[in-house]
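# Report on the structure
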Number of protein chains: 2
Amino acid sequence: MMTTKRIPALLTLAVLLPLAALAQPRQNNLTVVPPPARIVSPVIDGAKTTFSISAPQAITVSLHGSWMNPDDNCYGPLVQDTQVGVIPMTRGENGVWSCTIDTPAPELWTYNFYIDGVYVPDFANPLIQRDGTRLLSILLVPGKLSENYAGATQHGNLNMVWYDSPTLGFERRMYVYTPYGYEAKANQKTKYPVLYLLHGGGCDEDTWESMGRVTAIADNLIQKGLAKPMIIVMPNGNASQSSSPFLQISAPADAAAAARQNRNGYIHSLVKDIIPYIESHYRVVPKADYRAVSGLSMGGGHTLSVTAEYPGTFSYICPMGCGGNRNEDFVKGLLGIKKAGYKLYWLAAGTSDFAYPGAKVLDEVLTENGMPHTFYTKNGGHTWSNWRIFLNEMLPLLFK
Amino acid sequence: MMTTKRIPALLTLAVLLPLAALAQPRQNNLTVVPPPARIVSPVIDGAKTTFSISAPQAITVSLHGSWMNPDDNCYGPLVQDTQVGVIPMTRGENGVWSCTIDTPAPELWTYNFYIDGVYVPDFANPLIQRDGTRLLSILLVPGKLSENYAGATQHGNLNMVWYDSPTLGFERRMYVYTPYGYEAKANQKTKYPVLYLLHGGGCDEDTWESMGRVTAIADNLIQKGLAKPMIIVMPNGNASQSSSPFLQISAPADAAAAARQNRNGYIHSLVKDIIPYIESHYRVVPKADYRAVSGLSMGGGHTLSVTAEYPGTFSYICPMGCGGNRNEDFVKGLLGIKKAGYKLYWLAAGTSDFAYPGAKVLDEVLTENGMPHTFYTKNGGHTWSNWRIFLNEMLPLLFK
């Protein structure tokens, strides 16, 4: 695999490139310009992958990809880019810039172009993710690791559902995935288990779908018979929001302010508002053995809190990328879970995740208190790459 | 309102701007750069609106907005930009470029920045639309025209539903909007009418939501008591697609090829596959008086075809931005509709729409054949601005 080009090696090129570009005929942006040529990008051709973008007036264009620093402790390229090199792109005919690299390892990578100081997504590529207001283009390299990130032929439905939250004081939105077959006449008496899947800080009810590819992963695992057909509920974990900021639908100001002050309000609403809504509106089994809860980072913290506050509610407990401690209250919470009983305690963290030391403490505290559990670790950091991999590992363990 | 600056007036500026920018300290994109400053854009401050973007290394930055040519016969800025001027932006501190304009009239406008030859959306603005692979930032100027494009406090659910299409030979996706209250216990015996809402060429099942703001418009009209609570079904009108290309879920190749050859296959699937699915999975009244069909452009053509092929199926018929003719078959289709009976025939077109002459013919042919109808016209072209306005006008007329 091509090594990422570092700055010193490119110093000469860095000086020459802008001059070479200036030598090209340039149009000023205040003149009338034709629409850019039809571009196909990215093109994965076996061991080589080519990226292209039309930027006829640009001075320099480069490519930044998440594969350049896969273990990085962050979500997107903006921070990564301060830590790693970039791949310069070459101006070709019609102002189309391109570069060809060795195809990265199988994974769902993200990338951006960096054009004269501005990060832009690949406009030719329909696969795009939103992370906050950042737009990341997707390079899905097929292979073992990414085999469940696309390609299912049996698809569950994704429902954007508004529900009332008396606990928080306003109506809120959640995503509800129902598995393939849920709507089929033959299954109208079938009741399903439910995974409550929680997001991290800065994310919302859309993020497990947009960044985590939850429907693709669930569709594939269920179609292959590796995971039980299940409902997956993805609430919004920001107590003062009604829904993703992208919708621009604000919660009532007073209620939002109160929600901000309502410690653990969200996890109370999860048990008091969301679970009853799901159990009265979907064909589910309203018992702990048919409920799982999992989440990443802040959502891992929510997983720890809600299981401690409501022991015996969830039989499957799967925090990811978060940690525990030996404080009296925390241990008391764990002992409550132990007493109530559970079927699976599955903790996951990347070994270069900043939350790994805390996860290791949680692993130890669970052991010290005689609580059977799995501590699933792999390389990598606090990244969506790992959240997807963990989800893919976890779903087959649930409800069995 | 500020007039759009035209090219000749800016010729001097056009020459000077790049030189002025070059005089600024520039970083090369191959060096390590800090993330861009936190930008707020756009900022509507009464009569003035300011746009900003961080582009520290750019030579020229300008703003292109759909308000510059609101009557244009196209969907987005790419074509518009070849026809209208642009507004130059000024480089400020930290490489942040900005411009302040007179706030355009109330409307949902779209805009892009044009940075050294590349169109980019406003990364600071969470309101974004996808039109094909183009990303358009939204400037929602509040006022009478746009009052239903946001702001409802009672929200219906949007469901992304996979259904089997025996007619086309594969599973396909549609969006199904269920109105506020549909899920409420008190309404579990209420049955609803259904609008089948069809998209235009180049669009898919996502476009009425992304570009047409259908949930916002329906939520507002229903909450205000102006429209009946209804279910809105938005199928994918491209017979060879399983779903929006953004999902990258292909239909089986053989079935897709057959679907391409299957003339009117989509409209047959609408009646034979989609209506039965909706009527067996949702609480609806399975009668013509509780079914409406509408569509824009290609979807207007589908509306004409499906009502001619299946007279008596829909009592509310609302083609938009499309036309008729005096061919024998076409008139025979209309007479079949007349014979079967209908409650509303509502035709809409913008007076500068390229489809307007054809719509005028349809208006005349309906009159000549003694078919009561409304020909709703206004200024403007074959644009999403008009499709939203037509939807907002039409929903209150249905099921009354």
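Look above for the structure.
Residues numbered from 1 in each chain as written. Chains lettered and ligands numbered in written order. Predicted model: local features only at pLDDT ≥ 70, side-chain atom pairs only at ≥ 80, totals over all residues. Heavy atoms only, no water.

### Considering unusual backbone geometry
Looking along the chain, the bond that leaves Ser41(A) and enters Pro42(A) is cis, with omega of -5°. Tracing the backbone through its elements, the reader meets Pro42(A) in the loop between helix H1 (11-23) and strand S1 (43-45). Phi is positive for Gln248(B), close to 55°, though the residue is something other than glycine. Mapped onto the fold, Gln248(B) is located in the loop between strand S14 (231-234) and helix H5 (253-261). (Helix = DSSP H or I, 4+ residues; strand = E, 2+ residues; numbered from the N terminus.)

### Focus on the environment of Ala150(B)
Tracing the sequence through the fold places Ala150(B) in the loop between strand S10 (134-141) and strand S11 (157-165). Ignoring any residue separated from it by four or fewer positions in sequence, one finds Ala150(B) in contact with Leu140(B), Arg213(B), Ala216(B) and Asn220(B). (Contact = heavy atoms within 4.5 Å.)

### Observations regarding the pattern of salt bridges
All names here are of chain B. For the coordinates displayed, the defined rule picks out 18 salt bridges over all chains. As a salt-bridge pair, Lys-48 and Asp-102 come within 2.5 Å of each other at their nearest N and O atoms. With Lys-48 in strand S2 (residues 48-54) and Asp-102 in strand S6 (residues 96-102), the pair connects residues that are 54 residues apart, well separated along the chain. Since its relative accessible area comes to 43%, Lys-48 is described here as partly exposed. In this structure Asp-102 comes out as partly exposed when scored by relative accessible area, which is 23%. (Salt bridge = Lys/Arg side-chain N within 4 Å of Asp/Glu carboxyl O. Buried < 20%, exposed > 50% of the residue type's maximum accessible area, 1.4 Å probe, protein only.)

### A few points about the state of the cysteines
Overall, the coordinates contain 0 disulfides over all chains when judged by the stated rule. The thiol of Cys318(A) is not disulfide-bonded; the next cysteine sulfur, from Cys322(A), is found 11 Å away. (Disulfide = S-S within 2.5 Å.)

### Concerning the sheet that holds S2(B)
The strand order across the open sheet formed by 4 strands is S1-S2-S6-S5 (chain B), and the pairing between neighbours is antiparallel. Each edge of the sheet is formed by a strand with only one pairing partner; in this case those strands are strand S1 (43-45) and strand S5 (90-91) of chain B. (Pairing = 2+ DSSP bridges.)

### Points about the nonpolar core
In summary, soluble globular proteins display a tendency toward joint burial of nonpolar side chains. Residues Trp208(A), Leu395(A), Leu398(A), Trp208(B), Leu395(B) and Leu398(B) are the most contacted members of the largest nonpolar core, which totals 81 residues. Among residues more than four places away in sequence, those in contact with Trp208(B) are Leu197(B), Leu198(B), His199(B), Arg213(B), Val214(B), Met234(B), Leu296(B), Met320(B), Trp384(B), Trp387(B) and Leu391(B). Listed in part, the 50 residues of the second largest apolar core include Phe170(A), Val284(A), Val293(A) and Tyr310(A). (Core = buried A, V, L, I, M, F, W, Y, C linked by side-chain atoms within 4.5 Å.)

### Observations regarding the environment of Ala308(B)
All names here are of chain B. With respect to the element layout, Ala-308 can be found in helix H7 (residues 298-309). Between the C-alpha atom of Ala-308 and that of Asp-329, which follows or precedes it by 21 residues, the distance is 9.4 Å. Apart from the residues lying within four places of it in its own chain, the contact partners of Ala-308 are Gly-333 and Ile-337.

### A short note on the sheet that holds strand S2 (residues 48-54) of chain A
Sheet strands pair via backbone hydrogen bonds, and the direction of the pair is either parallel or antiparallel. Sheet architecture is open: 4 strands sit in the order S1-S2-S6-S5 (chain A), paired in antiparallel fashion. Both edges of this open sheet fall to S1 and strand S5 (90-91) of chain A, since each of them pairs with a single strand only.

### Topic: the packing of aromatic side chains
Residue and element names in this part refer to chain A. Overall, the coordinates contain 36 aromatic pairs over all chains when judged by the stated rule. Relative to Tyr-345, the ring of Tyr-342 lies with its centre 5.9 Å away and its plane at 75°, an arrangement referred to as edge-to-face. Of the two residues, Tyr-342 and Tyr-345, neither departs from the other in class, the shared state being buried. Through pairs of rings, three or more aromatic residues link up here, namely Phe-51, Trp-67, Trp-109, Tyr-111 and Phe-113. In this structure, Arg-283 is placed above the aromatic ring of Tyr-182, and the distance from its NZ or CZ to the ring centre is 4.2 Å. (Phe/Tyr/Trp six-rings, centres within 6.5 Å; stacked < 30°, edge-to-face > 60°. Lys NZ or Arg CZ within 6 Å of the ring centre and 35° of its normal.)

### Examining the pairing of strand S7 (residues 107-115) of chain B
Residue and element names in this part refer to chain B. For S7, a buried count of 9 out of 9 residues is recorded, marking the element as mostly surrounded by other parts of the structure. Burial of S7 is two-sided: the residues Glu-107, Trp-109, Tyr-111, Phe-113 and Ile-115 facing one way and the residues Leu-108, Thr-110, Asn-112 and Tyr-114 facing the other way are all buried. Bridge count for strand S3 (residues 61-65) against S7 is 5 bridges, and the pairing is antiparallel. When the sheet's bridge partners are listed, His-64 is paired in S7 with Asn-112.

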